[in-house]
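Residue-level structural notes
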Amino acid sequence: MAYAVPAFVSDFDTRSLQPELTHQIMAPLGKTEGNMLVLSVAVHGSATPATTTLSLPAGWTLYASTDVSNKVLLRVFWKAITAADVTTDSYLLTLGHVRTVIAHCAQYSGLDPNDPFVGFTATTGTGASTTRTLGSIASINQDALIVGVVADADLDNTYTPPTGYTERLDRHSPPPLTTTELFPIGVDAQSYSGGKFTTWKNRGVNTLFRRPSSLNIETWTTEANTAGLFMVRNPRSPLSGDASETRLIGWAQPDEPDGVTSQTTWEDVQANFAAWQASAPTRPVFLNLIGKFNQTDNRDPTPSVAEETAGIPWYAKYVAGCTWLSADYYPANNSQPISATVATMVETLKTKAAASTGQPVFAGIECSRVDTTDTDAAPTAAEMRGELWTAIVRGVRGIYYFPQRVVPSASFSYDATTAEMQAEMTKQNSIINRLARVLQGTIGGGGVTATVASPLEVTWRVAAKGVYIIVLNTGAGNVTDGTVTLTGLAQTTCTVFDENRSEQIVSNVITDTWAPYQVHIYVLAN
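Residues numbered from 1 in each chain as written. Predicted model: local features only at pLDDT ≥ 70, side-chain atom pairs only at ≥ 80, totals over all residues. Heavy atoms only, no water.

Attention now moves to the packing of aromatic side chains. The final tally for this structure, using the stated rule, is 17 aromatic pairs. Geometrically, the ring pair formed by Phe197 and Trp220 is edge-to-face, given 5.7 Å between the ring centres and 85 degrees between the ring planes. Taken together, the residues span a long stretch of sequence, with Phe197 in helix 2 (residues 196–202) and Trp220 in helix 3 (residues 217–227) at a distance of 23 residues. Aromatic ring contacts, followed pair by pair, group Phe209, Phe286, Trp324, Phe362 and Tyr400 into a single cluster. In this structure, Arg168 is placed above the aromatic ring of Phe8, and the distance from its NZ or CZ to the ring centre is 3.5 Å. Its end group placed over the ring of Trp251, Arg283 keeps NZ or CZ at 4.9 Å from the ring centre. (Phe/Tyr/Trp six-rings, centres within 6.5 Å; stacked < 30°, edge-to-face > 60°. Helix = DSSP H or I, 4+ residues; strand = E, 2+ residues; numbered from the N terminus. Lys NZ or Arg CZ within 6 Å of the ring centre and 35° of its normal.)

Here we come to the layout of surface pockets. Left-over empty space is what a probe sized like a water molecule reveals as it rolls over the atoms. When its volume is computed, the second largest pocket comes out at roughly 1,100 Å³. Along its surface, the second largest pocket is lined by 43 residues, and Arg15, Leu17, Gln24, Asn433 and Arg434 are the ones closest to its centre. Looking at the lining of the second largest pocket residue by residue, the classes come out as 16 nonpolar, 16 polar and 11 charged. (1 Å grid on protein atoms, 1.4 Å probe; cavity = no way out; pocket = protein on both sides within 12 Å on 5 of 7 lines; lining within 4 Å. Points joined across faces, edges and corners; volume = space filled by probe spheres on them. Nonpolar A, V, L, I, M, F, W, Y, C, P; charged D, E, K, R; others polar.)

Below, the discussion takes up the environment of Asn114. With respect to the helices, strands and loops of the structure, Asn114 is situated in the loop between strand 7 (90–109) and strand 8 (185–188). Note on Asn114: relative accessible area 64%, which makes it exposed. Considering only alpha carbons, one finds Asn114 and His104, 10 residues apart in sequence, at a separation of 21 Å. (Buried < 20%, exposed > 50% of the residue type's maximum accessible area, 1.4 Å probe, protein only.)

Direction vectors running N to C along helix 4 (residues 266–279) and helix 5 (residues 311–319) enclose 30 degrees, while the axes themselves pass 8 Å from each other. Viewed along their axes, helix 4 and helix 5 adopt a mutual orientation that is roughly parallel. Across the interface between the two elements, Trp266, Val269 and Gln270 from helix 4 touch Trp314, Lys317 and Tyr318 from helix 5. Across the contact of helix 4 with helix 5, the residue classes break down as four nonpolar, one polar and one charged. (Axes fitted to C-alpha atoms, helices over the stretch in contact; angles between N-to-C directions. Parallel < 35°, antiparallel > 145°, perpendicular 65-115°, else oblique. Contact = heavy atoms within 4.5 Å.)

Of all the positions in helix 3, only Ile217, Trp220, Thr221, Ala224 and Ala227 are classed as buried. Angular distribution of buried residues about the axis of helix 3 spans 130 degrees; they occupy a single face of the element. On the buried face of helix 3, the contacting elements are helix 2, strand 9 (207–209) and strand 10 (230–233). The N-cap residue of helix 3 is Asn216: its side-chain oxygen and the backbone nitrogen of Glu218 are 2.9 Å apart. Following helix 3 by one or two positions, Gly228 adopts a phi angle in the positive range, close to 75 degrees. (Arc of directions from axis to C-beta. Polar contact = N/O pair within 3.5 Å; in protein donor to acceptor, adjacent residues only side chain to side chain.)

Once that is clear, we can look at helix 6 (residues 338–355). Taking 1.5 Å as the rise per residue, helix 6 with 18 residues should run 26 Å; its terminal C-alpha atoms sit 27 Å apart, in good agreement. As for helix 6, its buried residues are in contact with helix 5, strand 13 (324–328), strand 14 (361–366) and helix 7 (381–393). (Expected span 1.5 Å × (residues − 1).)

With that settled, the discussion passes to the packing of helix 7 against helix 8 (residues 419–434). Direction vectors running N to C along helix 7 and helix 8 enclose 25 degrees, while the axes themselves pass 9 Å from each other. Relative to helix 8, the element helix 7 lies roughly parallel. When the axes of helix 7 and helix 8 are compared, the crossing they make is right-handed. Along the contact surface, helix 7 presents Ala381, Met384, Arg385, Leu388, Trp389 and Ile392, while helix 8 presents Glu420, Met421, Glu424, Met425, Gln428, Ile431 and Ile432. (Left-handed = near helix turned anticlockwise from the far one by under 90°.)

Shown next as structure tokens:
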């Protein structure tokens, strides 16, 4: 059978943030049944044996492999795109050893679905050199596509391809720990006892926020590193003791320093900030406020806005002491509306950040009944999901969960989440982790608009590979035949992320149904 001239269609790359045993490999957008996926995987890590296994779901075929000095393994897989692949967002890669991964998954048309390759050659080099020679392939015709894959063990090189080649990917691992690559999903003030750090990691949490003061900082940090979690905590003393902590992505100011009953003065917050920035100018400083923003300076018996001991001018002094700004207020535990309360808190944070230095904002998300002696309730799993996605729709750049039971003190628990909550946060965290680079992109814009009617809320990201329309039902009831009206887009179909389905776009409108506090993410390939 004769096939058309092969052509590149689309691609997506994956770069692991840290060594793992399993990695979700993102699939290209706009996949067409009958086309071909070619997956190139570089596995990095010292003493990585050539026998390290790489396992993918059924349907993938290993075509080529090479290894360099037990430090980097390079594998190339392929599979023909089936109807099921068209709506598949990612593929699970399982390794035989805990390692970092860089992967590139590309879609091609015009290839034989049974035998897409005509030849392969591998070259390796171990000496110091700024150039490498790609091997030649015999017996290829003028319409063939040559795909070159290069990896090195040092992780710190960039590559200039030979004349005539188009570079699709040039990435390093591990990446710089900024909020362009990582969407911090945190948990607040946890103990490491009983393997809880690993428990939280298995739920999709990637960051530990705040060290409980009763726990030794050295032990806590060692356990966090062992679990492979990032950290936002108070600094060591001296500050230089944290210079080599690669997983310490931020220093934390005292929690809720604005609280009238346990206040840290704004002067101390600003002094901390100045000293910490002088020691490590690029390390963010995290500040978390009480989300009602109704506290006052407890040194003033009659605080007022005019005296700058209350209100906007007083809070501005605290906001000046951070590079990451956060707040927490828990609506279910205070018998308040779920999404509206979180939305108001995030919008207030954004206003305060805009009046300062434009800090990224974060939000605390409740996932427990904090006080079992009152009449308030813990959020349901659906309500927790609603709070989480309300914060993201409103523009936060990271979140942390608050899972503690605090009152009565005799029944304190670091983790009072229910099994239902645990399952729901694991599902939502997986989505957020896979879409981290998308979510950290520019909010809105891109020549696109999306409009919905209440109780739906919408935001979008225009990424290099596609457009992501995020629509949340902020209400406690179902929404049937809700509509999302789009402008600036010509596509007539979209996939729904993590739902293995597609939807038609009729006259620029998507019509769908939402359960309470449910989110749908519509993906339109560029």
